[in-house]
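Descriptive analysis of the structure
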Amino acid sequence: MRFDYHTHTPLCHHAVGEPSDYVRAAQAAGLEEIGFADHNPMPTQFDDWRMAPEDLPRYVEMIQATQKSFAPYPVRLGLECDFIPGYEDHIRWLSHQAPWDYLIGSVHYISPDWDVDNPKHMKRWEEYPVEAIWEAYFSAYAQMAASGLYDFLGHPDLVKKFGRFPEGDLMRFYKPALEALGDYRCVIELNTAGLRKDCREIYPTLSFLIEARKRGVRILINSDAHAPNEVGLNFEEARALAREAGYDRLTRFIQREAVETPL
């Protein structure tokens, strides 16, 4: 079954196209479902790439209206939620604000003022050792996996976005996250947006994915689309990567319940 659960709306201030445009793009691409997961609001608007707190009801209403317009075609309601230590109760509060199909957990921040994938902070990549940045990222990812707050976890090695890699075997950075993913029976996404970034790789890389499969970590495939023409993009490459890692099944979500489906 082909579906795409990680798509955005203009409410995040860095995506274009109305939800109806994304649904039509999904149908044209032969997808059997689409889901939206725009960036969650925070208690205070401390950055400019997420919906504002007052926009959450508007977001839910917008997706629910889209569900009605395209019925019976399945349109899922989700939310991409940052894992930031100290804000766990806010995520718990968000989980009760709508009839979500899923919550995506994502690590963007490795410190309260540094979203590590934000181009405006590129200077910091020169100020800190790349090894320290990668260690901080995967430590946060492990904490997120252990939190139990999310239905699946997004772009597992997003830290590679700008093509800045430490030397040597990267498994030393992956290990804490992989152990937590296995211990807490997590689901992760293969996110094709990496192919559109400087790293030119799907998130996560093959070696990470192989170790995840060995630990029983389940998967799904998403585009992280911020424009309608990105919906379902490069899914065949992602399916090939999943098969190479030994996967033969994907995980869907309906009202926060996981449903297995053949790859």
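Data block above holds the structure.
Residues numbered from 1 in each chain as written. Predicted model: local features only at pLDDT ≥ 70, side-chain atom pairs only at ≥ 80, totals over all residues. Heavy atoms only, no water.

1. Quick word on helix α8 (residues 235-244)
For α8, the full list of buried residues reads Phe235, Ala238, Arg239, Leu241 and Ala242. Down the axis of α8, the buried side of the element spans an arc of 160°, and every buried residue falls inside it. Along its buried surface, α8 packs onto β1 (3-4), β8 (187-191), α7 (206-214) and β9 (218-222). A positive phi of about 100° marks glycine 246, the residue just after α8. (Buried < 20%, exposed > 50% of the residue type's maximum accessible area, 1.4 Å probe, protein only. Helix = DSSP H or I, 4+ residues; strand = E, 2+ residues; numbered from the N terminus. Arc of directions from axis to C-beta. Contact = heavy atoms within 4.5 Å.)

2. What to know about helix α2 (residues 56-70)
Here α2 spans 21 Å end to end across 15 residues, near enough to the 21 Å set by a 1.5 Å rise per residue. Every buried residue of α2 is accounted for by Leu56, Tyr59, Val60, Met62, Ile63, Thr66 and Phe70. All buried residues of α2 lie within an arc of 160° about the axis, which places them on one face of the element. Opposite the buried face of α2, at more than 90 degrees from it, the exposed residues are Arg58, Glu61, Lys68 and Ser69. Here the buried face of α2 lies against α1 (19-28), β2 (33-39), β3 (75-82) and α3 (88-94). (Expected span 1.5 Å × (residues − 1).)

3. With respect to the side chain of histidine 108
Position of histidine 108 among the secondary structure elements: in the loop between β4 (102-106) and β5 (109-111). Given the relative accessible area of 4%, histidine 108 is considered buried. A polar side-chain atom of histidine 108 sits 2.6 Å from a polar atom in the side chain of aspartate 82. (Polar contact = N/O pair within 3.5 Å; in protein donor to acceptor, adjacent residues only side chain to side chain.)

4. Quick look at unusual backbone geometry
In this structure, proline 72 follows alanine 71 across a cis peptide bond, with omega equal to 10°. With respect to the element layout, proline 72 can be found in the loop between α2 and β3. Residue tyrosine 203 is joined to proline 204 through a cis peptide bond whose omega torsion reads -5°. For proline 204, the location among the structural elements is in the loop between β8 and α7. One non-glycine residue, asparagine 234, adopts positive backbone phi at about 65°. By the secondary structure assignment, asparagine 234 is in the loop between β9 and α8. The exposure class of asparagine 234 is partly exposed, given its relative accessible area of 22%. Phi is positive for glutamine 255, close to 50°, though the residue is something other than glycine. Considering the arrangement of structural elements, one finds glutamine 255 in the loop between β10 (249-254) and β11 (257-262).

5. What about the packing of α1 against α2?
In the contact formed by α1 and α2, the axes pass within 10 Å of each other and the chain directions differ by 45°. Taken together, the axes of α1 and α2 are oblique relative to one another. Crossing handedness for the pair α1 and α2: right-handed. In this structure, α1 contributes Pro19, Ser20, Val23, Arg24 and Gln27 to the contact, and α2 contributes Met62, Ile63, Thr66 and Phe70. Split by residue class, the contact of α1 with α2 holds five nonpolar, three polar and one charged. (Axes fitted to C-alpha atoms, helices over the stretch in contact; angles between N-to-C directions. Parallel < 35°, antiparallel > 145°, perpendicular 65-115°, else oblique. Left-handed = near helix turned anticlockwise from the far one by under 90°. Nonpolar A, V, L, I, M, F, W, Y, C, P; charged D, E, K, R; others polar.)

6. A word on the pattern of salt bridges
Summed over the entire model, instances satisfying the criterion amount to 16 salt bridges. Between arginine 76 and glutamate 33 there is a salt bridge, with the nearest N and O atoms lying 3.2 Å from each other. Of this pair, arginine 76 sits in strand β3 while glutamate 33 sits in strand β2, and the two are 43 residues apart along the sequence. Taken as a pair, arginine 76 and glutamate 33 share a single burial class, namely buried. A salt bridge links arginine 256 to aspartate 151, with the shortest nitrogen-to-oxygen separation between them at 2.8 Å. You can see arginine 256 sitting in the loop between β10 and β11 and its partner aspartate 151 sitting in the loop between α5 (130-147) and β7 (152-153), a full 105 residues away along the chain. The network of salt bridges with common partners includes Glu33, Arg76 and Arg252. (Salt bridge = Lys/Arg side-chain N within 4 Å of Asp/Glu carboxyl O.)

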